[in-house]
Amino acid sequence: MTVSEAVGDVHAVDPALLGTPGALTLYVVDAHEPAVVDTGSANSPPEIYDALDRLGIDRTDVAHVLVSHVHLDHAGGAGHLAEELPNATFYVHEDGLAYLTDAAALSRLKRSVDRAMGVEDAYGDPKLVPEGRCSVVTGGERVDLGDRELELLDAPGHAPHHYAAYDPATEGLFSIDAAGMHLAGEMRPTTPPPGFDLEANVETVRRLRALEPAVNLYGHVGPGGEDAVGELDRYEAMLPEWVERVDGLRTEVGEDVEAIVDALDPGWHSPTVRRDVAGVLDYLSDGEGESEGERTK
Ligand SMILES: [Zn+2]
């Protein structure tokens, strides 16, 4: 586990998701009222407690936990954290609330992730968060950290239940997965099934860009470079190119994820490229379903 300074009093924590350093980043804001941004998988909380210890933050002082979206690599640790951080409020998008608080919804989500990854307990064993501990996000809320307020923004596209947070004190933007993946200085798409939506994601990136952040704080992985606005521009341009490329290859080689990945230029590759191709195929077939529906009307 490593804790490193991201920007100002915002620290990046690498919980070594799936035993892999550099796979996922979550953040601790050492503000007057400390906040944790994202919870990692259900296996990540011990790494978070270790990070809090190293930063000298008492668990009872953590006041806010922002769950950017309810994919289990980001939200799987929430229920465990709720037990160990007794004074924290959990901020979750209204479209994601059920996956934190409802046993049937959470187990459906877990089963679908395990199936997709081909592993039992791929992201550990998540627990529920008591609904009374949750604060529902629709966009436009502010989270008062005592020394400044984080601004929450609805940020659909990567998933419908994604929000972002802007920190005016550091000009850091917790875009997490809403504005792409940042690998060794390069942008990569992050477009997983079942909720990826091209138009919504492009519109989100435009709204985030209007904040003119100084640094993007990504979920995959870590803080971005010095040209945060340039990264958002790059991602806005990249998303339609990516969808078009996958669409073209599906015409050439068929709907087979492996065949499409093999045919892709290495410039598109990332650790999650298979999942991200599958998300685009899902998005494209949804669109066809709709136009089919239109035609039969
Ligand atoms: Zn995600």
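Residues numbered from 1 in each chain as written. Predicted model: local features only at pLDDT ≥ 70, side-chain atom pairs only at ≥ 80, totals over all residues.

> Hey, could you go over the overall build of the protein for me, with residue numbers and the actual values?
Tallying secondary structure elements over the protein gives nine helices and 15 strands in all. Among the 297 residues that make up the protein, the fraction classed as buried is 47%. The contacts of the protein with a sequence gap of at least 6 include a subset with a gap of at least 24, amounting to 66%. (Helix = DSSP H or I, 4+ residues; strand = E, 2+ residues; numbered from the N terminus. Buried ≥ 20, exposed ≤ 12 C-beta atoms within 10 Å, placed from the backbone. Contact = placed C-beta atoms within 7 Å.)

> Describe helix α1 (residues 45–55), naming the residues involved and giving the relevant values.
Considered for burial, the residues of α1 that qualify are Pro45, Glu47, Ile48, Ala51 and Leu52. The buried residues of α1 occupy an angular sector of 155° when projected down its axis, which confines them to one face. On its buried side, α1 packs onto β1 (2–7), β2 (10–14), β3 (26–29), β4 (35–37) and α3 (78–84). (Arc of directions from axis to C-beta.)

> Could you give an account of the sheet that holds strand β7 (residues 134–137), naming the residues involved and the relevant values?
Read across the open sheet, the seven strands follow the order β1-β2-β3-β4-β5-β6-β7; overall the sheet is mixed. The open sheet is flanked by β1 and β7, the only strands paired with a single partner. Averaged over all adjacent pairs, the angle separating strand axes in this sheet is 25°, with direction ignored. Sheet topology places β3 next to β4; three bridges connect them, and they run antiparallel. Bridge pairing links Val28 to Val36 in β4. (Pairing = 2+ DSSP bridges. Axes fitted to C-alpha atoms, helices over the stretch in contact; angles between N-to-C directions.)

> Which residues make up the nonpolar core, and what values do they have?
Within the largest apolar cluster, 78 residues are counted, with the highest numbers of intra-cluster contacts made by Tyr27, Val67, Phe90, Leu100 and Ala164. Of the residues forming this core, the biggest block, eight residues, is contributed by helix α7 (residues 228–253). Sequence-distant contacts of Tyr27, defined by excluding residues within four places in its chain, comprise Ala6, Val10, His11, Ala12, Val13, Val37, Asp38, Phe174 and Leu217. (Core = buried A, V, L, I, M, F, W, Y, C linked by C-beta atoms within 7 Å.)

> Go over the sheet that holds strand β14 (residues 215–218) with me, naming the residues and quoting the values.
Sheet architecture is open: six strands sit in the order β8-β9-β10-β11-β14-β15, paired in mixed fashion. The sheet is open, and its two borders are formed by β8 (142–144) and β15 (222–223), each paired with just one other strand.

> Tell me about α7, residues and numbers included.
With 26 residues, α7 should reach 38 Å at 1.5 Å per residue; the first-to-last C-alpha distance of 36 Å fits that figure. For α7, the principal kink sits at Met238 and spans about 25°; a proline, Pro240, occurs within the next four residues. Count one or two residues on from α7 and you reach Gly254, which has phi positive near 95°. (Expected span 1.5 Å × (residues − 1). Bend = angle between axes of the 7 residues up to and from the residue.)

> Any chance you could break down the packing of helix α6 (residues 198–209) against α7 for me, citing the residues and the numbers?
Put simply, α6 and α7 touch, their axes get as near as 9 Å, and they point 170° apart. With respect to α7, the axis of α6 lies roughly antiparallel. Contacts from Leu198, Asn201, Val202, Val205, Arg206, Leu208 and Arg209 in α6 reach Val229, Leu232, Asp233, Tyr235, Glu236, Leu239, Pro240 and Val243 in α7. In the contact of α6 with α7, the residues fall into 10 nonpolar, one polar and four charged. (Parallel < 35°, antiparallel > 145°, perpendicular 65-115°, else oblique. Nonpolar A, V, L, I, M, F, W, Y, C, P; charged D, E, K, R; others polar.)

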